[in-house]
Structures are given as C-alpha cells and as structure tokens.
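# Observations on the model geometry
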Amino acid sequence: MNSGFPYQLLAAPLLSFLLAYLLISWLVKGNALRVLDFPNKRSLHSTPVPRTGGVGLALSILMVWLLFSVSLPPSLWAGFGLLAFISFVDDAMSLSVPVRLLVHIIVTMLFSVTLLLDAHHWGVVVGIGLAMVWMSNLYNFMDGSDGLAGGMALIGFGYYGMAALLAGNTEFAMINFCIMASAGAFLRFNFYPAQIFMGDVGAVPLGFLAAALGMLGWAKGLWSLWLPLLVFSPFIVDATVTLVKRLFQGEKIWQAHRKHYYQRIVQSGFGHRNTALLGYMLMLLAGGSAVWAGRHNFIVQGWLTGVWVCIYLIIMLAFDWYQRHYSTNKQNDCK
C-alpha cells in the first residue's frame, strides 16, 4: 500500500462512489430485491419506498476495501459483513428483536475483545462493546428522514478521514473516505424526495463502522476517544436523550415511535429537506470543531465538550418550548 498511495487515496473513494451509484441506481430502477418500506407508526413517509439502498452502500465499500487490500482487523470485516447480512434478512422478513440484538452483541463484543482486551480491563472492554451495540442501533433509529442518515455518513466519515490525514495515516484516511464517497452516491437517491431508503442493511452496519473505526483510530493513537463521540454527537444526543425520556415516561422503548427530535422537527412543518439541511449544518459544526480541537491540548478539548453540551441543551429546550407553544396556539385557534 506504500507505492503510489496518493493516487489510491483519490482512486479508492472515486471507485466507491461510482460502484455505489451504479448499484443503487440499479436497485431504484430495476425489480431486483424489491424490499419495500411500508409506512408505520415510526414513519414520516406515506407511500411504500424501496429500502435496499444499504445493499449498494455496503457492497461498494466492501468491494473497494478488498480491491485495495486495506488493513483492518478480521473482527471488523466479519462484523460488518454479518451485520449487513442479518439486517438485510430483517428488512425482508422482520426478525425478532432478541435475535437481532444477540447478533449485534456478539459482533461488537468480538470486536471490542480482540481490539482492546490486551491493553484494557475487561470491564472497559465490555462497556465499550455495549456502547457499540447502542451506536449500531441508534444510527438505525435516526434513519427516518430523507437524507439525514446518509448525510451523517458523508460528513462523519469525511471528518474521520480528515483527522486520520492530519495524524499522518493515509490508509486509514482512505478507508473512511471510501465510506464517505459511497454515502455521497447514496444521497443522490435519498435526498428529499427519497427514491430509496438505506434500510437496516445500511444503517446498522454504518452505526457499527462509526463506532468501530472511531475506536480503531483511538487505539492507533490517531485521536482522542471523545473525537468520534463529538463527530457523531448529533445522532448520539438525539437518540440517547429520546430513549431516556421515553424510559422515564414508562413507554415500551422497543416499539416504533416518532419522538426523536428530528422526527418532531419534520412534523412541526419544517419538512424533510429543511430538517436534513439543518442537520448537515449541525454535523459540519460539531465534526469540524472536533477535528480542530484534536490538534490542541486536553484543556481546549474539555472546554469544547462543555460548549457542545450547552449547545445541545439549548437546542433541545428551545425546541421543546416551541413545540409546546405551537401546540397550545393551535388548540386555541381550533376553539
């Protein structure tokens, strides 16, 4: 991978984009793999839409990684492939929650153990494995509005690649830029109005990669552990806060719902397109500040983390207030 690597740094992402574009275009236009996403209690769409975009996304990434012989742990290769397979089966046949969760736990624990057990206490290894299970699932939970999850992949893995380049690891940068490029091709068909969804087959493996590559970059010494958390914080904060609120309200957290902040923003009249654009702006700011702070000391990084905690609190409180105010005025207008 050393000779001519600058060429490969450009060629690999370009090939990922082209392969993803061709595969997803075929899935949109053809009758192959006609797995449809029918509207349910969680949906923000009203007509059936194909949810096989993740097949093209995952295949393009895997094929280019194989072609360029990238160096990744076997547990990451196996985990990504297994999650893509079981998630596609779930898209097509609706597997039970315990079956899916068991596979997710096996995959993430295997990766965490093989990567970290030699250097860290087993409690840390288990905790990180469980956090990776949550990341895999929350990415899927956040895939409910046109262009949102694809945009998070484009921006998030793009920042991973940028941070790896700044740290001097061009191969790891290429690995992440391939995901970014495939996500860019997917967005061509998923931005509002979406022609295709990524489905679990795309969202769950992407969530796993966000966690696994974030941990791998940390283990390689390319960045601090907080960087992947901040880069993907728009999704992490929304999904985690929503889960906690539903737990306190005594709801069945495994049931479909439309209480994520991004879902409520869409329903408030902002729409899919504007919600995606607002999300992109937040993702760009969070990820950009994370990469910038990665070149500074822990004091700066700590201050930045505190600033983003305040930003998210203000955003959520402001929207909660707006929605209550909007609902009250709407009820008064109907009287």
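Residues numbered from 1 in each chain as written. Predicted model: local features only at pLDDT ≥ 70, side-chain atom pairs only at ≥ 80, totals over all residues. Heavy atoms only, no water.

## Concerning the nonpolar core
Here is the rule we go by: Among the buried residues, those of types Ala, Val, Leu, Ile, Met, Phe, Trp, Tyr and Cys that are joined through side-chain atoms within 4.5 Å form a nonpolar core. A 1.4 Å probe rolled over the protein chains alone gives each residue an accessible area, and that area as a share of the maximum for its type sets the label: buried under 20%, exposed over 50%, partly exposed in between. Contacts are assigned to residue pairs with any non-hydrogen atoms lying within 4.5 Å of each other.
One finds Trp65, Tyr139, Phe157, Phe208, Leu213 and Phe232 to be the most contacted residues of the largest nonpolar core, which totals 95 residues. For Phe232, the contacting residues outside a window of four places in its chain are Met135, Tyr139, Met152, Gly156, Phe157, Tyr160 and Ala210.

## So, helix H5 (residues 122-141)
The condition is simple: Helix numbers and strand numbers start at the N terminus; a helix is a DSSP run of H or I with at least 4 residues, a strand a run of E with at least 2. Multiplying 1.5 Å by the helix residue count minus one yields the expected span of that helix.
A rise of 1.5 Å per residue sets the reference length of H5, with its 20 residues, at 28 Å; its end C-alpha atoms lie 29 Å apart and thus fit the reference within 8%. Residues of H5 that are buried: Val125, Ile128, Gly129, Met132, Val133, Met135, Ser136, Asn137, Leu138, Tyr139 and Asn140. Residues of H5 that are buried make contact with helix H4 (97-116), helix H6 (148-166), helix H8 (199-219) and helix H10 (233-248).

## As for helix H11 (residues 261-293)
Our working rule: What is called the bend at a residue is the angle between a pair of axes, fitted to the seven residues leading up to and ending at it and to the seven starting from it.
Between its terminal C-alpha atoms H11 stretches only 27 Å, short of the 48 Å expected from 33 residues at 1.5 Å a residue. The axis of H11 is deflected most strongly, by about 120°, at Phe270.

## Overview of the side chain of Ser136
The condition that has to hold: For this analysis, a polar contact is any N or O atom pair within 3.5 Å, provided that within protein one partner can donate a hydrogen and the other can accept it, and provided that sequence-adjacent residues contribute only side-chain to side-chain pairs.
With respect to the element layout, Ser136 can be found in helix H5. When its relative accessible area of 1% is taken as the criterion, Ser136 is described as buried. Separated by 2.9 Å, the side chain of Ser136 and the backbone oxygen of Met132 make a polar contact. For Ser136, the residues in contact, after removing those within four places along its chain, are Thr108, Ala203, Val204, Gly207 and Phe208.

## Details of the packing of aromatic side chains
Applied cut-off: To pair, rings of Phe, Tyr and Trp, with the six-membered ring standing in for Trp, must have centres within 6.5 Å; the planes then decide the type, stacked if under 30 degrees apart, edge-to-face if over 60, and tilted in the middle. Comment: the charge-over-ring label is applied if NZ (Lys) or CZ (Arg) is within 6 Å of the ring centre and within 35 degrees of the ring normal.
Considering all chains together, one arrives at 16 aromatic pairs under this definition. Aromatic side chains Trp308 and Tyr312 sit 5.4 Å apart centroid to centroid with 40° between the ring planes, which places their arrangement in the tilted category. On the criterion of helical spacing, the pair formed by Trp308 and Tyr312 is a turn pair, its members being 4 residues apart in helix H12 (residues 298-334). With respect to burial, Trp308 and Tyr312 carry one shared label: buried. Here the aromatic residues Phe157, Tyr160, Phe172, Trp223 and Phe232 are joined through ring pairs into a cluster of three or more. Against the face of Phe189 rests Arg188, its NZ or CZ located 4.9 Å from the ring centre. Seen from the ring of Tyr261, Arg264 lies directly overhead, with NZ or CZ sitting 4.6 Å from the centre.

## Considerations on unusual backbone geometry
Cis geometry is found at the peptide bond from Tyr192 to Pro193, where omega equals -5°. One can find Pro193 in the loop between helix H7 (170-190) and H8. Phi is positive for Ser94, which is not a glycine, with a value near 60°. With relative accessibility at 57%, the residue Ser94 sits in the exposed group.

## Re the side chain of Asn137
Mapping Asn137 onto the fold places it in helix H5. Assessed through its relative accessible area of 15%, Asn137 is described here as buried. A polar contact of 2.8 Å, which involves the side chain of Asn137, links it to the backbone oxygen of Val133.

## A short note on the packing of H6 against H11
Test applied: A fitted line through C-alpha atoms represents every axis, and for helices the fit uses only the stretch in contact; the resulting angles, taken between N-to-C directions, go from 0 to 180 degrees. Angles below 35 degrees are treated as roughly parallel, those above 145 as roughly antiparallel, those between 65 and 115 as roughly perpendicular, and all remaining angles as oblique. For this classification, the nonpolar set comprises Ala, Val, Leu, Ile, Met, Phe, Trp, Tyr, Cys and Pro, the charged set comprises Asp, Glu, Lys and Arg, and every other residue, Gly included, is treated as polar.
At a closest axis distance of 9 Å, the pairing of H6 and H11 adopts a crossing angle of 0°. In this view, H6 runs roughly parallel relative to H11, as classed from their interaxial angle. Packed against H6, whose contacting residues are Leu148, Gly151, Met152, Ile155, Tyr159, Met162, Ala163 and Leu166, the element H11 presents Tyr262, Thr275, Ala276, Gly279, Tyr280, Met283, Leu284, Gly287, Gly288 and Val291 at the interface. Partitioned by chemical class, the residues of the contact of H6 with H11 number 13 nonpolar, 5 polar and no charged.

## Some points on the packing of helix H2 (residues 53-67) against helix H3 (residues 74-93)
Just so we agree on the cut-off: Whether a crossing is left-handed or right-handed is set by the direction in which the near helix is turned from the far one by less than a right angle, anticlockwise for left-handed and clockwise for right-handed.
Two elements in contact, H2 and H3, have axes separated by 11 Å at closest approach and are oriented at 160°. When the axes of H2 and H3 are compared, the pair comes out roughly antiparallel. When the axes of H2 and H3 are compared, the crossing they make is left-handed. Counted together, Val55, Ala58, Ile61, Leu62, Trp65 and Leu66 of H2 and Leu76, Trp77, Phe80 and Phe88 of H3 form the full contact between these two elements. Partitioned by chemical class, the residues of the contact of H2 with H3 number 10 nonpolar, no polar and no charged.

## Some thoughts on the pattern of salt bridges
How we decide: Salt bridge, as applied in this entry: a Lys or Arg side-chain nitrogen positioned within 4 Å of an Asp or Glu carboxyl oxygen.
Inspection of every chain in the model, using the stated rule, returns 6 salt bridges. Its salt-bridge partner being Asp91, residue Arg51 comes within 4.0 Å of it at the nearest N-O pair. Separated by 40 residues along the polypeptide, Arg51 in the loop between strand S2 (49-50) and H2 and Asp91 in helix H3 bring together distant segments of the chain. This pair shows no difference in class: Arg51 is buried, exactly as Asp91 is. A salt bridge links Glu251 to Lys259, with the shortest nitrogen-to-oxygen separation between them at 2.3 Å. For Glu251, a relative accessible area of 24% puts it in the partly exposed group. With a relative accessible area of 36%, Lys259 lands in the partly exposed category. Salt bridges here are not isolated pairs; linked through shared partners, they connect Lys245, Arg264 and Asp320.

## Observations regarding the environment of Leu117
On the secondary structure map, Leu117 appears in the loop between H4 and H5. Not counting residues within four places of it along the chain, the set of residues in contact with Leu117 comprises Ser112, Trp122 and Val125.

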